[in-house]
Amino acid sequence: MMQDMSKEADSQVQTEMPQVSRLVVNQNDERFISYDYRESPPREMVQWFRRRARILFNYSMVKKCLPILSWLPKYQCSYVMYDLIAGITVALTAIPQSIAYGILANLSPQYGLYSNILGCLAYAVFGSVKDVTIAPTSLTAIMVQHVVKELEYGTALLTFLAAVVTISFGALNLGVLVRFISIPVVMGFTFAACLTIGSAQIRSLLGIKTQGKSSDFVTSWTNVFAHLDEVRMADCILGCCSIVVLCSLRLTKDLGEGRWRTFFKYLVLLRNALIVVAGATLAYYLKTDMDDSVFNLTGHVPAGLPVFQMPPFSYTNINGTEYSFGDMLSVMRTSIITIPLVTTLEIVSVGKAFSKGKIIDATQEMIALGMSNLVVSFCSPLPAAGSFTRSALNNSSGVRTTMSCAVTAVVLTISLALFTDALYYIPKATLASVVISAMLFMPDYEEIGNIWRSKKMDLIPFLATALACLFYELDYGILVGIGLNCCILLYLMSTPGLSGEEIQLSGLTVLLVKVDQSLAFSSAECLRDWILKRIDQRDHIDVVVIDGQNIHFADTTVAKNFVSIEEDLRIRQIRLMLWRFDAKVAFVFLRMRKELFIPLLRADVQLQDAVARWKHLHYQIPTE
């Protein structure tokens, strides 16, 4: 009996083989004619390797990795004034912000300046977006806080490893990883980071000298409430007044006409530098004793250039605790991956914001960011990233090339060499006001509203990310958001939209099953269970037709489940037909069991024609 069935199947296959053009949609593969269904390497992968091999060892690749070789030979004298103005303007804002972010990271203030100088110099060589400025940011400062608490300067190893990971991502063209960080996750992370950063500055704003065990959201507020008796009224008044002035100046950016409009625009852009100068001047004239100032001051900032040294691969902190390389890695944990992801997201977002429609080379930006942090790691533990505020200032100043970054680095170096005595008098409350006012405007509140209006389900990853970042840690929080987003994506992939329609064609009762997306291993059982459930709900079905028009991918698990579907239907004396399947999907089935799937596949334009021809070739009236 089995031999007769095998001969019958072979006969059916041979009968159908001359009609291969009717088996699949877009029939254009000679393998159907030659009966060769073996899987060949993906053409895209082969082409990618060939393309990468061709460009790795030629001058165009060098120019791509070093954009300075492209713009420097074409540099015009007319660009000099624009780049000088932009570089100096950015430096005036960068000085107080870099000091503030250095302190925010629990480091000495000069390390913020060191990171800014070296980051800008490296980006001038490797950067591809003229408007972007590389500098320490509030996010990078807050993300290294917990590492600095234990390793202190040993955190330079984290900056080094993060740079290596970023460069590796760029070399492997893995900018696609950023696509797994959705807008709700980014918004949740940004919102929580702003609250965390702002909360960490409340202590300095109120003049409280006692520092908490960490700078996370909960600990920061716990520390403030536990030491309210240490609040200094002078610092509190100065800090609050500074925030009011900074916010008021920000709101005046569109005031006036003509020259007054230009005046207010630059007044707004330089507001941080002006408020810091005003605070330092006030502190200087109100001083009574260097050791007992009216305000809590930044203190001594070492003059001169940073000392270059290899990042430490083992470290002994101030308490005498020794850390081996493995111990340091255990302290850094996921920061080695999350910092490259977050900083890459920052620099690509900043680049797109000022690209004015031009295509941003995300891979080159990753390499530029990695090289910047690689250089930074030899003199500072604080990693750098793309700064939106300073990039906006760069753009509005009419920057022409990344030469402005080099100008900024030179101005910062001169400041370190000549003006560190003036930096001593900057009140910590003023620096705190600069950070807090920046955090007030950093979240995109309109975008949060758009999440609520457009897709309320997106609030789940938004809230999950924000809460995890607030009450646990920032780096783990963003991983929670990414993981939750991937779970939602897997759920959507595992639950394809299925619909069934019962129709009469060629004297047969046909259940037409439509699938609205490709199938993968996670959704294979879903299709099978859905079909069997619908069959059990109907009185009589002769043929189940699965419409594969929207199925452009299938794997081994899916093919195996199609075999199971055919067997389950045959037990119920119901036949299966596969209609309008793409050639790539059909090959997967044919490689699984050619003799089974050849009779099942049809690709006629009209379902009625497909059923009629299939009935003529393969259908037999079942006997009781």
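Going by the structure above, here's the rest.
Parameters and conventions
- Residues numbered from 1 in each chain as written.
- Predicted model: local features only at pLDDT ≥ 70, side-chain atom pairs only at ≥ 80, totals over all residues.
- Heavy atoms only, no water.
- Helix = DSSP H or I, 4+ residues; strand = E, 2+ residues; numbered from the N terminus.
- Buried < 20%, exposed > 50% of the residue type's maximum accessible area, 1.4 Å probe, protein only.
- Contact = heavy atoms within 4.5 Å.
- Areas by Shrake-Rupley, 256 points an atom, 1.4 Å probe, with all protein chains shown as cover.
- Salt bridge = Lys/Arg side-chain N within 4 Å of Asp/Glu carboxyl O.
- Axes fitted to C-alpha atoms, helices over the stretch in contact; angles between N-to-C directions.
- Parallel < 35°, antiparallel > 145°, perpendicular 65-115°, else oblique.
- Left-handed = near helix turned anticlockwise from the far one by under 90°.
- Right-handed = clockwise from strand over helix to strand, strands pointing away.
- Pairing = 2+ DSSP bridges.

S.K.: Break down the overall build of the protein for me, citing the residues and quoting the values.
M.R.: Secondary structure summary: the protein contains 30 helices and 9 strands in total. A buried classification covers 50% of the 624 residues belonging to the protein. Considering only contacts in the protein between residues 6 or more positions apart, those separated by 24 or more positions represent 79%. Here the protein displays about 29,800 Å² of accessible surface, and carbon together with sulfur accounts for 61% of that area.

S.K.: How would you explain the pattern of salt bridges if you had to name every residue and give the values?
M.R.: Under the definition given, this model contains 12 salt bridges. Between Arg593 and Glu567 there is a salt bridge, with its nearest N and O atoms 3.7 Å apart. With Arg593 in the loop between helix H28 (583-592) and helix H29 (594-597) and Glu567 in helix H27 (residues 556-571), this residue pair connects regions lying 26 residues apart in the sequence. With a closest N to O distance of 3.6 Å, Glu595 and Arg593 form a salt bridge. Taking the relative accessible area as the measure of exposure, Glu595 reaches 37% and is therefore partly exposed.

S.K.: Account for the packing of helix H15 (residues 271-285) against helix H22 (residues 428-441), naming residues and giving values.
M.R.: In the contact formed by H15 and H22, the axes pass within 9 Å of each other and the chain directions differ by 165°. In terms of their interaxial angle, H15 and H22 are classed as roughly antiparallel. Considering how the two elements wind past one another, H15 and H22 form a crossing that is right-handed. Across from Asn272, Ile275, Val276 and Gly279 in H15, the residues of H22 making contact are Thr430, Leu431 and Val434.

S.K.: Describe the pairing of strand S8 (residues 575-579), listing the residues and the values that go with them.
M.R.: Burial runs high along S8: 4 of the 5 residues are buried. Once you follow strand S7 (residues 543-547) into H27 and on to S8, the crossover reads as right-handed. Inspection of the sheet shows S8 paired to strand S9 (residues 601-602) by 2 bridges, in the parallel sense. Bridge pairing links Trp579 to Arg602 in S9.

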